[in-house]
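Notes for the structure review
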Amino acid sequence: MGRQLTEEEIVNGTYDAIKHGEIYAVFQPQINHSTGRMVGAEALMRWRHPQLGMQFPAEFIAVLEAYDLIFEADLHMFEEVCKLLKHCMENNLPLVPISCNMSRYDIFQHDYVDRIEEIRKKYDIPVKYLRIEITESSAIGGMEGLKTALQKLHSYGYLVEMDDFGSGYSSLNILKDLDVDIIKLDMRFLDGNIGGRGGTIISSVVQMTKWLNTPVIAEGVETADQADYMESIGCYYIQGYLYSQPLSKDEFIEKLKTVDHEPMNEALNFVRAVDAGEFWDPNSMETLIFSNFVGAAAVLSYQNGELEILRVNKKYIRELGMNMDERSLINTNPWTSLDEDNKRIYENAIKRAIESGEEETCETKRVLCSKSCGDTEFWIRADIRVIGRAGDQYLLYTMIKNITSEKEKLLRIEENDRKLMAAGDQANVYAWEYYFSNKEMRPCFRCMRDLNLPPVIENYPEPLFENGVFPEDYREMYYNMLRELEEGRESSEAVIPLTVGRIPFHVRYTTEFDEAGKPLKAYGSAVMVVDEK
Ligand code: C2E
Ligand code: CA
Ligand code: CA
């Protein structure tokens, strides 16, 4: 008792073991962690050898595959599952969909799909109670066979699960190409704790699959912590020792009677602005556009104040002036570069975007801390729009522009203005601009305040004679002065007694010419003539 079968024993014994029921199915429930209800189960192969005892698939499946025996074993498993479902139906027992594992050799070398369909019909099982699990490794050596099989499975109405997602070969474009209905994430493929890097990978996979509208089952969940974590990132379906070991047929039937069940919820309803599947496919047009044509862009996830970067393109990183690859940027917390005030500004823009469904814009100051260069400050303008939603999780698309130099210029101008104004105040300077072409005068703030002028005066200087700022007896002289400037004189000055008080002001004009050398406008200033006694 208790030793493993040798390769020879496996090869020689398989058919008999199938015939005598030594190869049989056990069932592991799949549970919705947030409701405790069963949503399905997976059938797992066991071989109980009369002399050598229980054999586990890890030890014999590879041999079955190598000797082209897996096909018969898998069909046998499928039939066992149909028998169980039939039993439940005939005895009015509750039942849930059951997943069967398909080896990659089943479709490479055999007509697996047609054969299981025959079996299903023989037992008259509604197809909604049967799911097929495929693995990423089935895609090794070409997708065509797998694609065809998948289309066939779908055409008969089977739901297809991608088993062991993330275990190696699979990638986003496999997912996209394969159009599977459910994804299984195996917790055992993660090294380290779920809060760390593994957790980030899981949560981005879950987010990504939500984006693809695909439910996720977390497999190999052994602790409540793991299950709670998965739930917190929106993955409710759990298969693992936490809820149940694989159960014998009788134990499983008991479980069906005692545990409530519910259908698996498929549709997390995302508003689709772009074809979601296409978007994640590295070779798709959308990706091409995302990376090359849209400028600096990112896809973010926002949920109850939590912001996460899901995807950025190269231009985005360049715009931030960062020396980072896309992957490490995705793993940083986007809030860290924002102080409280700027975070509020940014988050408000997100909230506006959620409310309006339109593009919203904000400008925020960011600080990048770097060990080598010290802190760098920069300004980012972000246009944000909601492109998807599942519950209270929002997917945001943002385009950014680094506006640091613009902003600095603006701040400098404001600063200059302030200085000028202060200087003007002290020196009692009044300033304005006069446009030759349309006889418009634009006074400075002080002119407006002290002389009660509007921001734009038309038909200058007529109104200032009418309101008495300019004395009538200077009318001719002043008109001449402006005419000479208009005719090309570079500057001009005169003392003019202004306002009803006839206070002497030193008025100066300087002409600005356009590129063709034509006079464009004149800058005027007036300073009170100080009596130098
Ligand atoms: P799998 O499809 O990924 O199956 C899940 C495996 O994880 C099962 O191992 C299950 O017993 C185990 N498991 C479930 N919950 C936990 C947990 O909380 N912690 C741990 N550590 N393990 C857990 P099993 O039954 O030994 O099957 C191993 C593999 O053999 C399967 O991996 C599958 O790839 C293959 N296999 C099993 N049955 C079949 C079958 O009928 N046909 C084919 N082609 N392959 C099968
Ligand atoms: Ca499986
Ligand atoms: Ca698995």
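Overview of the structure. What you see is a predicted model; the values in this text were computed from it and never measured.

1. So, the overall build of the chain
The helix and strand tally for the chain stands at 19 helices and 19 strands. For the chain, the proportion of its 533 residues judged to be buried stands at 46%. Summarising the internal contacts of the chain: among those between residues at least 6 apart in sequence, 57% fall at separations of at least 24. Accessible surface, the chain: about 27,200 Å² in total, of which carbon and sulfur atoms supply 49%.

2. Re the coordination of the calcium ion (ligand 3)
Within the protein, Asp-163 (OD), Asp-164 (OD), Glu-219 (OE) and Glu-219 (OE) serve as the donor atoms for the calcium ion (ligand 3), at 2.2 to 3.0 Å. Counting residues between consecutive donors of the calcium ion (ligand 3) along the chain gives the motif D-D-x54-E. A separation of 4.0 Å is found between the calcium ion (ligand 3) and the calcium ion (ligand 2), both of which receive a donor from Asp-163.

3. Examining the packing of aromatic side chains
Counted by the stated rule, this structure contains 15 aromatic pairs. Seen in terms of ring centroids, Trp-432 and Tyr-509 are 5.8 Å apart; in terms of plane orientation they differ by 85°. Their pairing is edge-to-face. You can see Trp-432 sitting in strand 15 (residues 429-435) and its partner Tyr-509 sitting in strand 18 (residues 503-513), a full 77 residues away along the chain. Taken individually, Trp-432 and Tyr-509 each receive the classification buried, so the pair is uniform in this respect. Through pairs of rings, three or more aromatic residues link up here, namely Trp-432, Tyr-434, Phe-436, Tyr-460, Phe-465, Phe-470, Tyr-478, Tyr-479 and Tyr-509. One Lys or Arg, Lys-343, reaches over the ring of Trp-335 and ends 5.0 Å from the middle of that ring. The positively charged end of Arg-475 is found above the aromatic ring belonging to Phe-465, 4.9 Å away from the centroid.

4. Here we look at the site of ligand 1
Inspection of the region around ligand 1 gives 22 residues, with Arg-46, Asp-74, Arg-188, Glu-222 and Tyr-241 positioned closest. For ligand 1, a nitrogen atom lies 2.9 Å from a polar atom in the backbone of Met-45. Contact with the protein chains removes 85% of the 790 Å² of surface that ligand 1 exposes when unbound. For the shell around ligand 1, the secondary-structure elements that each account for two or more residues are strand 2 (37-49), helix 2 (57-66), helix 3 (70-90) and strand 6 (159-165). At 4 residues, strand 2 tops the list of elements feeding residues into the shell around ligand 1. Its residues placed into classes, the shell around ligand 1 shows 9 nonpolar, 5 polar and 8 charged.

5. Remarks on helix 10 (residues 249-258)
Within helix 10 the residues assigned to the buried category are Phe-252, Ile-253 and Leu-256. For helix 10, the angular spread of buried residues about the axis comes to 100°, placing them on one side. Facing away from the buried surface of helix 10 by more than 90 degrees, the exposed residues are Asp-250 and Thr-258. Of the surrounding secondary structure, the elements contacted by the buried residues of helix 10 are strand 1 (23-32), strand 2, helix 3 and strand 4 (98-101).

6. Examining the side chain of Gln-28
Of note, Gln-28 is situated in strand 1. Gln-28 gets classed as buried once you look at its relative accessible area, which sits at 7%. A polar atom in the side chain of Gln-28 sits 2.9 Å from the backbone oxygen of Ser-244. Setting aside anything within four residues of it in sequence, one finds Gln-28 in contact with Gly-40, Ala-41, Glu-42, Leu-44, Gln-239, Gly-240, Tyr-241, Ser-244, Gln-245, Pro-246 and Leu-247.

7. Digging into the nonpolar core
Judged by nonpolar contacts, the single largest core of 77 residues is most densely connected at Phe-78, Ile-98, Tyr-112, Ile-132, Ile-134, Met-230 and Phe-252. Among residues more than four places away in sequence, those in contact with Ile-98 are Phe-27, Ala-41, Ala-43, Val-81, Leu-84, Leu-85, Tyr-129, Leu-130, Arg-131 and Phe-252.

8. Considering the packing of helix 3 against helix 10
Between helix 3 and helix 10, the least distance of the axes is 12 Å, while the angle of their chain directions is 40°. It follows that helix 3 is oblique to helix 10 by the angle criterion. In this structure, helix 3 meets helix 10 at a crossing whose hand is right-handed. Of the residues in helix 10, those touching helix 3 at Leu-84, His-87 and Cys-88 are Lys-249, Phe-252, Ile-253 and Leu-256. Residue composition of the contact of helix 3 with helix 10, by class: 5 nonpolar, 1 polar and 1 charged.

9. Examining the pattern of salt bridges
Under the counting rule described, the total for this entry stands at 28 salt bridges. Between Glu-118 and Arg-115 there is a salt bridge, and its shortest N-O distance comes to 4.0 Å. Taken together, the residues Glu-118 and Arg-115, both in helix 5 (residues 112-123) and 3 residues apart, mark about one turn of the helix. Via salt bridges that share partners, Glu-42, Glu-133, Lys-184 and Glu-219 belong to a single interconnected network.

10. Observations regarding the environment of Arg-131
Looking at where Arg-131 falls in the secondary structure, it is placed in strand 5 (residues 130-135). Taking the relative accessible area as the measure of exposure, Arg-131 reaches 3% and is therefore buried. When the C-alpha atoms of Arg-131 and Glu-42 are compared, they prove to be 8.9 Å apart, with 89 residues separating the residues in sequence. If we skip the residues at most four places from it in the chain, Arg-131 touches Gln-30, Val-39, Gly-40, Pro-97, Ile-98, Ser-99, Cys-100, Leu-159, Glu-161, Ile-182 and Met-264. Within the structure, the side chain of Arg-131 is placed 3.1 Å from the side chain of Glu-161, a separation counted as a polar contact.

11. A word on helix 9 (residues 224-232)
Listing the buried residues of helix 9 in full gives Gln-226, Ala-227, Tyr-229 and Met-230. Along the long axis of helix 9, the arc covered by the buried residues comes to 160°, so they all point the same way. Looking one or two residues past helix 9, Gly-234 carries a phi angle of roughly 90°, positive in sign.

12. Considerations on the pairing of strand 2
For a regular strand, side-chain orientation follows a simple rule: the groups alternate between the two sheet faces. Strand 2 sits mainly inside the fold: 11 of its 13 residues count as buried. Bridge count for strand 1 against strand 2 is 10 bridges, and the pairing is antiparallel. Along strand 2, the bridge assignment pairs Asn-32 with Arg-37. Taken together, strand 1 and the strand that follows it, strand 2, pair antiparallel across an intervening segment of 4 residues, in which Gly-36 is found at a positive phi of about 80°. Between strand 2 and strand 3 (residues 53-55), which pair antiparallel one after the other, the connecting turn spans 3 residues.

Thresholds, definitions, all that
- Residues numbered from 1 in each chain as written.
- Chains lettered and ligands numbered in written order.
- Predicted model: local features only at pLDDT ≥ 70, side-chain atom pairs only at ≥ 80, totals over all residues.
- Heavy atoms only, no water.
- Helix = DSSP H or I, 4+ residues; strand = E, 2+ residues; numbered from the N terminus.
- Buried < 20%, exposed > 50% of the residue type's maximum accessible area, 1.4 Å probe, protein only.
- Contact = heavy atoms within 4.5 Å.
- Areas by Shrake-Rupley, 256 points an atom, 1.4 Å probe, with all protein chains shown as cover.
- Donors = N, O, S within 2.8 Å, 3.2 Å for Na, K, Ca; no water.
- Phe/Tyr/Trp six-rings, centres within 6.5 Å; stacked < 30°, edge-to-face > 60°.
- Lys NZ or Arg CZ within 6 Å of the ring centre and 35° of its normal.
- Near = heavy atom within 4 Å.
- Polar contact = N/O pair within 3.5 Å; in protein donor to acceptor, adjacent residues only side chain to side chain.
- Nonpolar A, V, L, I, M, F, W, Y, C, P; charged D, E, K, R; others polar.
- Arc of directions from axis to C-beta.
- Core = buried A, V, L, I, M, F, W, Y, C linked by side-chain atoms within 4.5 Å.
- Axes fitted to C-alpha atoms, helices over the stretch in contact; angles between N-to-C directions.
- Parallel < 35°, antiparallel > 145°, perpendicular 65-115°, else oblique.
- Left-handed = near helix turned anticlockwise from the far one by under 90°.
- Salt bridge = Lys/Arg side-chain N within 4 Å of Asp/Glu carboxyl O.
- Pairing = 2+ DSSP bridges.

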